[in-house]
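# Overview (structure and organization)
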Amino acid sequence: MPTSSDSSSGTPLRPPAMLRLTGVAAGYGGAAIVSGANIDVGPGEVVSVIGPNGAGKSTLLKAITGRLPVMTGTVTFKDRDVTNLPGHLLARRGLGFVPQVKDVFDTLTVHENLEMGGYLLARGQLAARVEAVLAAFPALADKRHRTASKLSGGERKMLAVARVLMLEPAVLVLDEPTSSLSAELSRTVLRDQVRRLADSGTAVLLVEQKAFEALGVSDWAYILVSGRVEIAGPASELLARPDIREVFLGRTAPDGPPQPAASSPDSPPRPA
C-alpha cells in the first residue's frame, strides 16, 4: 500500500486518477438512487465503496460499467469521457468488471472460461495469455479441465477474476467479490487476490458488503449513505474512527475493534 504523504497535512498522496467520477447521479425510471458521487481510483490502489444495505453501491457500479445510464455527471477513464459507454466498449479500452453473480460460464471448463475472457485477443496471443493467467492462479491451473459448476465458491470467484484479467485491464471493478463466501475464503479473496492485483499496478475499485474486511485491504475508501458519499479518506483512518459503526448502524460504536454483529455491514447483502 502507498505510504507517502503530504508533509503539510499528513494525508497520503494518491496516484493520478485512472478512473474518475465527477458528480455522478444514476437510478431507475428517472429517480436517482445515487447522486453527486465524486470518486477517484489510481494505479496500484484498492479503493473501496462501502455503506449500509440499500445505499446505492451496486447502482453506482452499474452506472460506471455502462449497465445503467448516468443521469448527470461524468465518468472519465484514462482522461477520456466514457460516460454511458457500453460495457463491451469499456472492456476494449481496459476497464474490467466482475459482477456479483453470473460471473463465470457454468458449463464451460476453467480453460474455456479463460478463453472466453480473452475474446479480443488474436489467436496467437490467446494460448500464451491463458498460461500466464493460470501461472498467477496456480489453484486453477490444477483444475483447468474442470467445469466451473464443479468448483468451490472460492475457486469460482478466483476464476471470475482470472477471466477478466485475460485482457489485462488497467482498472478492475469488483462487485461484492466475497458474496456467499465463508469468512476465511473472504479474507483470502480480499487479502491474497484483490490486494495482490493492486500491488501489481492495477487500479481496483471494490464494492464490498464486508466493510471492515474491505477497509483492511484498501488504500482509500468512500462511505456511501442514502446514495451520497458522506465520508472519504484513507482506509486506515476510516477503520480507526470510533464512530464507524454509527455511520452504518445509527448507533454509537462499541469500545475496541469492530466486531461482527447480526445486523452489521458484514450481514448478507440486499440489492442496492
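Remember, it's a predicted structure, so these values are computed and weren't measured experimentally.

## Observations concerning the sheet that holds strand β8 (residues 203-207)
Across the sheet, which stays open at both edges, the 6 strands sit in the order β6-β7-β8-β3-β9-β10 with mixed pairing between neighbours. Each edge of the sheet is formed by a strand with only one pairing partner; in this case those strands are β6 (95-98) and β10 (228-234). Here the strands of the sheet are splayed against their neighbours by 15° on average, with no regard to which way each runs. In this structure, strand β9 (residues 220-225) lies alongside β10, joined through 6 bridges in antiparallel fashion. Residue L224 lies in a different strand from β10, and its bridge partner there is V229. Across the sheet, helix α7 (residues 183-199) lies against β3 (46-50), β7 (171-175) and β8, angled at about 140° from β8, the strand it touches most.

## Quick look at the confidence of the model for the protein chain
Atomic detail in the predicted coordinates should be set aside for any region of low pLDDT. Averaged over the protein chain, the pLDDT score is 87; the fraction of residues at 70 or greater is 87%. Note on residues 251-272: pLDDT is under 50 here. Beyond four places in sequence and across chains, it has 43 contacts.

## Looking at the sheet that holds strand β2 (residues 31-41)
Taking strand neighbours across the sheet as the criterion, the 4 strands line up as β2-β1-β4-β5 in an open arrangement whose pairing is antiparallel. Pairing within the sheet leaves two strands with one partner each, and these edge strands are β2 and β5 (80-81). Pairing analysis gives 6 bridges linking strand β1 (residues 19-28) to strand β4 (residues 70-77), with the strands arranged antiparallel. Its bridge partner lying in β4, A25 is registered against T72. Helix α1 (residues 57-64) contacts β1, β2 and β4 of the sheet and is inclined by roughly 115° relative to β1.

## Let's talk about the layout of surface pockets
In this structure, the largest pocket spans a volume of roughly 360 Å³. In this structure, the largest pocket is lined by 17 residues; those nearest its centre are R67, A91, F97, Y119 and R163. Among the residues making up the lining of the largest pocket, the classes are represented as 9 nonpolar, 6 polar and 2 charged.

## A word on the environment of L224
As for its placement among the helices and strands, L224 is situated in strand β9. Relative accessible area serves as the criterion here: at 1%, L224 is assigned to the buried category. A sequence separation of 168 residues divides L224 from G56, and the C-alpha atoms of the two residues are 7.3 Å apart. If we ignore the near neighbours within four places in the chain, the residues touching L224 are V49, I50, G51, P52, A55, G56, K57 and V229.

Conventions used here
Residues numbered from 1 in each chain as written. Predicted model: local features only at pLDDT ≥ 70, side-chain atom pairs only at ≥ 80, totals over all residues. Heavy atoms only, no water. Pairing = 2+ DSSP bridges. Helix = DSSP H or I, 4+ residues; strand = E, 2+ residues; numbered from the N terminus. Axes fitted to C-alpha atoms, helices over the stretch in contact; angles between N-to-C directions. Contact = heavy atoms within 4.5 Å. pLDDT = per-residue confidence, 0-100. 1 Å grid on protein atoms, 1.4 Å probe; cavity = no way out; pocket = protein on both sides within 12 Å on 5 of 7 lines; lining within 4 Å. Points joined across faces, edges and corners; volume = space filled by probe spheres on them. Nonpolar A, V, L, I, M, F, W, Y, C, P; charged D, E, K, R; others polar. Buried < 20%, exposed > 50% of the residue type's maximum accessible area, 1.4 Å probe, protein only.

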